[in-house]
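Spelled out, the chains give:
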Protein chains: 4
Amino acid sequence: MNSIGTQFRITLFGSSHGTCIGCVIDGIPPGTLIDEVVMEMDMALRKPMKGVGTSRKEDDMVEILSGVVGGRASGNPLTILIRNANTDSSVYEKFREVPRPGHADFTALSKYGVDVDIRGGGQFSGRMTAPIVAAGTIAKQILKGIGIRTCAYSQAIGGICDEEERKLDDILRARSVNPVRAADATLGACMREEILAASSEGDSVGGIIKCVCENLPIGVGEPFFDTLEGEISKMIFSIPGVKGVEFGSGFAAALMKGSVHNDPFDVHEDEIVTLTNNAGGILGGISNGMPLEIRVCIKPTPSITKAQQSVHMTKMKIAELKISGRHDPCIVPRAVPAVEAAVAIILVDLCMRGGFIGRNRW
Amino acid sequence: MNSIGTQFRITLFGSSHGTCIGCVIDGIPPGTLIDEVVMEMDMALRKPMKGVGTSRKEDDMVEILSGVVGGRASGNPLTILIRNANTDSSVYEKFREVPRPGHADFTALSKYGVDVDIRGGGQFSGRMTAPIVAAGTIAKQILKGIGIRTCAYSQAIGGICDEEERKLDDILRARSVNPVRAADATLGACMREEILAASSEGDSVGGIIKCVCENLPIGVGEPFFDTLEGEISKMIFSIPGVKGVEFGSGFAAALMKGSVHNDPFDVHEDEIVTLTNNAGGILGGISNGMPLEIRVCIKPTPSITKAQQSVHMTKMKIAELKISGRHDPCIVPRAVPAVEAAVAIILVDLCMRGGFIGRNRW
Amino acid sequence: MNSIGTQFRITLFGSSHGTCIGCVIDGIPPGTLIDEVVMEMDMALRKPMKGVGTSRKEDDMVEILSGVVGGRASGNPLTILIRNANTDSSVYEKFREVPRPGHADFTALSKYGVDVDIRGGGQFSGRMTAPIVAAGTIAKQILKGIGIRTCAYSQAIGGICDEEERKLDDILRARSVNPVRAADATLGACMREEILAASSEGDSVGGIIKCVCENLPIGVGEPFFDTLEGEISKMIFSIPGVKGVEFGSGFAAALMKGSVHNDPFDVHEDEIVTLTNNAGGILGGISNGMPLEIRVCIKPTPSITKAQQSVHMTKMKIAELKISGRHDPCIVPRAVPAVEAAVAIILVDLCMRGGFIGRNRW
Amino acid sequence: MNSIGTQFRITLFGSSHGTCIGCVIDGIPPGTLIDEVVMEMDMALRKPMKGVGTSRKEDDMVEILSGVVGGRASGNPLTILIRNANTDSSVYEKFREVPRPGHADFTALSKYGVDVDIRGGGQFSGRMTAPIVAAGTIAKQILKGIGIRTCAYSQAIGGICDEEERKLDDILRARSVNPVRAADATLGACMREEILAASSEGDSVGGIIKCVCENLPIGVGEPFFDTLEGEISKMIFSIPGVKGVEFGSGFAAALMKGSVHNDPFDVHEDEIVTLTNNAGGILGGISNGMPLEIRVCIKPTPSITKAQQSVHMTKMKIAELKISGRHDPCIVPRAVPAVEAAVAIILVDLCMRGGFIGRNRW
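Predicted, not measured: the structure shown is a model, and the values here were computed from it. (Residues numbered from 1 in each chain as written. Chains lettered and ligands numbered in written order. Predicted model: local features only at pLDDT ≥ 70, side-chain atom pairs only at ≥ 80, totals over all residues. Heavy atoms only, no water.)

Topic: the relation of the copies chain B and chain D
Each of the two chain copies goes to the other by way of a rotation about an axis and a shift along it. Laying chain B over chain D is done by rotating through 180° and shifting 0.0 Å along the axis; what remains is an RMSD of 0.0 Å. Such a combination of turn and shift is consistent with a two-fold rotation axis. The residues that chain B uses at the interface reappear at the interface of chain D in 100% of cases, marking a shared surface. (Least-squares fit on C-alpha atoms with pLDDT ≥ 70 in both. Contact = heavy atoms within 4.5 Å.)

Structure representation (structure tokens):
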């Protein structure tokens, strides 16, 4: 089903080259400010940046069809619509016979049959994250109401990795002027070079997105099944291209001793804190009040111009495939706002379920 | 909520040092063989092995309270009960005041208040995976009905990592006689040394579990939200100690070029396959017919005998904590059957939702 | 939450006097024919009929924003949009202070606060059933694929009650030309008189809608919680004005003896049938192959022009209220297609859950 | 699926003549008093009363397997177990071939196949309401915490109907000493006569249960789909034998004019009330602060000793069926506590969803 959330629910619709894409957002507390200027700024972060992104032009104008009266949420579902400007899909017809390696063409056709819409990736397109980003603006607005802030950035692209601990305000400042959404201008420039180098060879690169979340109250999440990690990772794996999700120390924990990994408790300004944060802000599936730290691995874009081996599905013969068209040689920068939105959306739902955010009045 | 699944649903109950733990399994197709001997074998895999595990003795006898008539599922929910033999919990009382670093004591007390049961980790204990393992036996039996097999093993413990591609049959053979549940005897012996070395220093180690799944039909999973990766990772993050989940190439994809990462399609025995499996058997959230490959990172056991810094929660002062009692210096081996069960349970649910397994008759 | 269904899901949005109303329909099997002409005919049944309905004019043009390619469902969610032609809501402002008796003004304002949209009934308006009716057309198309037909009609309006057993084909024929959606022309004319008489006094009348469903396979529904009756009634109570739902003999069963109420089994053309149908086609929450029979009571329209006692909510004083504007003196005829759609939508979901309708290919 | 509820969830297991029946209750706020004496009193209401009930003897001892520490809810799921004392099911074997009219034998066998457990009605038995009643005690305890009281009684049995408006305290007092759970001793005696008269002829009678609920806060329930009426009726239709559910005026509304049906608003002790309560405490799916009034129709017990026509399912021939064994000639009295529990359970869930009851601390 194309919906997620128990008390704050997103239902996604549309496809990459159909008339439109959009989503319905249910559970917004009535009275919540819906700031279309902030939404536009978030949407701008998703746009392909000159040189490093696709040249496909989409205005991605967000229309709000329902749920807002006088700039505030009215208590019934908010509907977001983004019309697709570019719907010429002739180029995609051939992928019905010769599926693109690394893409969902093959699984979509196998699962849904010939009627499935695979134009531009159909429902599997990265473009489907646009309404998620718009919904994320609203989620972040709700979180702000109880002081929670969440922010993502490109931590690694190709061989360039940002090893520093970054502060939320620094990230916000750096990434808005940085075409690859890095937290540091110099590293961002190097990451950009990685993308251009791959692009010039008709190839692509992947990377890692880090998302941090500050001021989450203690107690968000549940011990089993509906854990903070489980709910966030379920949502993040919806973003096309994600291959792994880790929290705090993540996979590095495999090589650590318990005495090093355990975060010692301490008292700071009358609050219980931990001296390190290998836990990534979560103990037993529940937030412990320290910053939430999530790392997401994004694979290199599957659409490359280099020739690739595929199969002609009706002839059942090997076929060489050359993909033309306009594609991002690296989707990491454009996935940054999607990861941020995804985390914000899940946090609102979990905060509502846990009683930290009221559903009715604001 | 302590339940997971849409058409095949597990509801967990009990706590580590209460009377019992158990679960209700709903959605088993009537007529499914319930083989208690196989279940016992799966449960045996979860038991602490001599030298490398806790000396706490639990028989972990599985009682089936309902849902079986004449050795077969009857169509109503199957209830599993495991009585707790060892319920002396006096040793845990002090953690109500001085929470263990890396444990859920602090978040549990903050979220649920003084009435919460944190004895032995309460509802956050690794012991809660015992009913999951028992439910996994039934899930694997259902999967077997359409030819699907799933199997997990310890791929890395401490500094020892198994770099080989392992075949499912080899894994099954090796791990049953291997105390650390490795897929290779020699590597398993080295892993055991890692555990013993850490244990002798009053410390603990972590590791990585790999789970493979063969013969999954093409088409399992959904494009958005209910993706194969998302549903599996949500379940796996319920297992205490998990810090990261990755599929196929996983985090290594961040350093790969698209031309290397994309798995070329090929024709093999009249089926479309891929030459490599960086996708880990999944494209666009949907199974592509290749083996499913999942890697799970487990942190080092937080319960160590070395002295640690904690905080006395009522005095709000730093306090040194020394944990005695019997704890596993490495939980990776015992988490192996839990990961395998978790994956099997989610696959049954997704196969039912996708119409690959019927719910009514068998 | 404004959505219903597990495998076939409707998410409703919009409000009576906002920009638009609509819904997202998820789970339509790809390839399903989407017949906009039939949809228009169903929508026409919902329109107010001359003399007996409101004079408010709504074209109720259904736009399909997503989910259809070449006249067939594409496998991703179908979005229905109906723009509101008439959004002058100045007349509704006073109900924020003096709530209409029998309406949701009072509860909406209490629950959602001042930001709630109560114009024209807001989200509580009978107008919200328009997208339900459109979704119902698609549900009926899916049901038709396995031979199931469902049909509703006005069985009683005011003092006129249709005591006859009606055949599905007769109902369909009669109600399309009958302004009150009765199954018999003569009775329909009497019912129309009842409405006109009430209307001329500034008053309103209620009635009963009967819905029958033929050819439902044996086995739809579950024994507990997700019973056929429970799922259908939950959906039907969403329709504004419904006060009661009964199946088969319904409330009349209270006065029957078991020997009369029990439907004797019989064999007819190699099928097991029952000689009577007091069960209304359901035994133990599960369809038994006999026609499904549902009766729904609709209260008299609360919007009447007669003066009524209400309360001024800020002054906390009794206030007389006179409602002007255009209102249906009886909503039974217009609720007929909504009940039919509601039943069809739930049956598709239950048939999918039970494996009677596949979700993936068509 | 055998579970219901979003934030307060009941999962039912077991069958009438298996080892046991029971349920898991998830979402009890930690610290909630679990009073086993009150639970026993509620369970006693469900027992067959001398003369008018079955002579089958079940002690119905409730064991609490998990979720309680020191008499209070511990924050993890509470598991209720009731062992079946009487499991001789030989008498039921013949119904596998010749299904009982009015029973679920036929649909159960058709849906689940030969492995289904139909002994004693299996999962379809009225006996499955025993754990519901036990769960209801806990639900009522939680409701009590915010001042809500709920209570059901037999309003009609056979031809005897109680036309009076009854006060909650009067009902509670009368029904505890009254074998048919009526709100008036004299009427109760007449109802008892109705049952005995039917019983003496080998027949059975049905009736109507009324449930009232006082002090529900304004704002419980949602406008569409998750309405107060919809959620309650879904739950109530799970109780075996229910044929109809109505709220407030119910089916009588079909014959009322709007000017009579609309409840005029008034001010009473600084609160907005209504002068009449045809709405049954609900406007637009949401509680309006007036008493909730629900009426439930129960069919006559299908198990009668009179000879009935059925069909031999393998021979596909008409067969006469005579049911011996011990059956209630009227299940209305025993369904009274089940209806009360069902309503209480749903109200807790809806109050939690609406933020009227917190989930975490108590």
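Now that the structure is up, let's keep going.
A word on the interface of chain B and chain D
Residue-level contacts link 41 residues of chain B with 41 residues of chain D. Summed over both sides, the interface between chain B and chain D buries roughly 3,300 Å², with carbon and sulfur atoms accounting for 53% of that surface. A per-residue breakdown of the area chain B buries against chain D is headed by Met1, Leu65 and Asp115 of chain B, which together make up 20% of the total. Our count for the contact surface shared by chain B and chain D stands at zero salt bridges. The interface formed by chain B and chain D holds four residue pairs in polar contact (both at pLDDT 80 or more) in total. Of all the secondary-structure elements, those providing two or more residues to the side of chain B that touches chain D are β2 (9–14), β3 (20–26), β4 (62–66), β6 (72–73), β7 (78–83) and α2 (105–112) of chain B. Of the residues forming the side of chain B that touches chain D, the biggest block, five residues, is contributed by β2 of chain B. (Buried area = accessible area lost by both parts, 1.4 Å probe. Salt bridge = Lys/Arg side-chain N within 4 Å of Asp/Glu carboxyl O. Polar contact = N/O pair within 3.5 Å; in protein donor to acceptor, adjacent residues only side chain to side chain. Helix = DSSP H or I, 4+ residues; strand = E, 2+ residues; numbered from the N terminus.)

Concerning the pairing of strand β2 (residues 9–14) of chain A
Residues and elements named next belong to chain A. Most of β2 is tucked away, with six of its six residues classed as buried. Pairing analysis gives two bridges linking strand β1 (residues 3–4) to β2, with the strands arranged antiparallel. In the sheet register, isoleucine 4 faces β2, and the bridge partner there is isoleucine 10. Counted between consecutive antiparallel strands, the loop separating β1 from β2 contains four residues, among which glycine 5 sits at a positive phi close to 110°. (Buried < 20%, exposed > 50% of the residue type's maximum accessible area, 1.4 Å probe, protein only. Pairing = 2+ DSSP bridges.)

A short note on the interface of chain A and chain B
Tallying the contact residues gives 102 residues for chain A and 103 residues for chain B. Around 7,900 Å² of area is buried between chain A and chain B when both sides are counted, 66% of it from carbon and sulfur atoms. For the chain A face of the interface with chain B, the top three residues by lost area are Phe224, Phe225 and Phe265 of chain A, together amounting to 12%. Counting across the chain A and chain B interface gives four salt bridges. Notably, a salt bridge pairs lysine 234 of chain B with aspartate 226 of chain A, separated by 3.2 Å at the nearest N-O pair. Seen at the junction of chain A and chain B, the total is 30 residue pairs in polar contact (both at pLDDT 80 or more). Looking at the side of chain A that touches chain B residue by residue, the classes come out as 48 nonpolar, 34 polar and 20 charged. Where strand β11 (residues 242–247) of chain A lies against strand β11 (residues 242–247) of chain B, three bridges are found, and the strand directions are antiparallel. When the sheet's bridge partners are listed, glutamate 246 of chain A is paired in β11 of chain B with glycine 244 of chain B. (Nonpolar A, V, L, I, M, F, W, Y, C, P; charged D, E, K, R; others polar.)

What to know about the confidence of the model for chain A
Per-residue pLDDT for chain A has a mean of 93; in total, 96% of the residues score no lower than 70. Prediction confidence for the complex, expressed as pTM and ipTM, is 0.96 and 0.96 respectively. (pLDDT = per-residue confidence, 0-100.)

Observations regarding unusual backbone geometry
Look at phenylalanine 225 of chain A: it is not a glycine, yet its phi comes out positive at around 75°. Looking at the secondary structure, you find phenylalanine 225 of chain A in the loop between β10 (207–214) and α6 (228–236). Exposure remark for phenylalanine 225 of chain A: the relative accessible area of 0% places this residue in the buried category. At methionine 316 of chain C, a position not held by glycine, the phi torsion is positive, near 50°. With respect to the helices and strands, the residue methionine 316 of chain C is situated in the loop between β17 (308–312) and β18 (317–321). Residue methionine 316 of chain C is classed as partly exposed on the basis of its relative accessible area, which comes to 27%.

What to know about the relation of the copies chain A and chain B
Turning chain A through 180° and shifting it by 0.0 Å along the axis lays it on chain B, with an RMSD of 0.0 Å. Most of the interface of chain A is mirrored in chain B: 100% of its interface residues are interface residues there too.

A word on the sheet that holds strand β1 (residues 3–4) of chain C
Residue and element names in this part refer to chain C. Ordered in space as β1-β2-β3-β7-β4, the five strands form an open sheet in which the pairing is antiparallel. Two strands close off the open sheet at either side, each with one partner strand: β1 and β4 (62–66). Inspection of the sheet shows β4 paired to strand β7 (residues 78–83) by four bridges, in the antiparallel sense. In the sheet register, isoleucine 64 faces β7, and the bridge partner there is isoleucine 80. Sheet strands in contact with helix α1 (residues 36–46) are β4 and β7, and its direction is about 135° off that of β4. (Axes fitted to C-alpha atoms, helices over the stretch in contact; angles between N-to-C directions.)

Thoughts on the packing of aromatic side chains
A full pass over the atoms with the stated rule returns 14 aromatic pairs over all chains. Taking the centre distance of 5.2 Å and the plane angle of 90° together, the rings of phenylalanine 237 of chain C and phenylalanine 247 of chain D count as edge-to-face. Of the two residues, phenylalanine 237 of chain C is situated in the loop between α6 (228–236) and β11 (242–247) and phenylalanine 247 of chain D in strand β11 (residues 242–247); the pairing between them involves two chains. There is no split in this pair, since phenylalanine 237 of chain C and phenylalanine 247 of chain D are both buried. Ring centres 5.4 Å apart and planes at 55° place the aromatic pair phenylalanine 265 of chain C and phenylalanine 106 of chain D in the tilted group. (Phe/Tyr/Trp six-rings, centres within 6.5 Å; stacked < 30°, edge-to-face > 60°.)

Quick look at the pairing of strand β10 (residues 207–214) of chain C
All names here are of chain C. Counted residue by residue, β10 has seven buried out of eight residues, so it is predominantly covered. Where strand β8 (residues 149–157) and β10 come together, eight bridges link them in antiparallel fashion. When the bridges of β10 are listed, arginine 149 appears paired with glutamate 214. When β10 meets strand β16 (residues 292–298), the two strands line up antiparallel, connected through seven bridges. Following the sheet pairing, valine 212 is matched in β16 by glutamate 293.

Things to note about the side chain of arginine 127 of chain A
Residue and element names in this part refer to chain A. Among the structural elements, arginine 127 can be located in the loop between α2 (105–112) and α3 (129–144). Relative accessible area serves as the criterion here: at 7%, arginine 127 is assigned to the buried category. Among the polar contacts made by the side chain of arginine 127, one reaches the side chain of aspartate 60 at a distance of 2.9 Å.

Description of the sheet that holds strand β9 (residues 160–161) of chain C
Taken in spatial order, the 10 strands line up as β9(C)-β8(C)-β10(C)-β16(C)-β11(C)-β11(D)-β16(D)-β10(D)-β8(D)-β9(D) in an open sheet, and their pairing is antiparallel. Taken across any chain shown, the strands that pair with only one partner, and hence form the sheet edges, are β9 of chain C together with β9 (160–161) of chain D. On the sheet, α6 of chain C packs against β11 and β16 of chain C together with β11 of chain D and is oriented at approximately 160° with respect to β11 of chain C. Each of β11 of chain C together with β11 and β16 (292–298) of chain D touches helix α6 (residues 228–236) of chain D; the most contacted strand, β11 of chain D, lies at about 160° to it.

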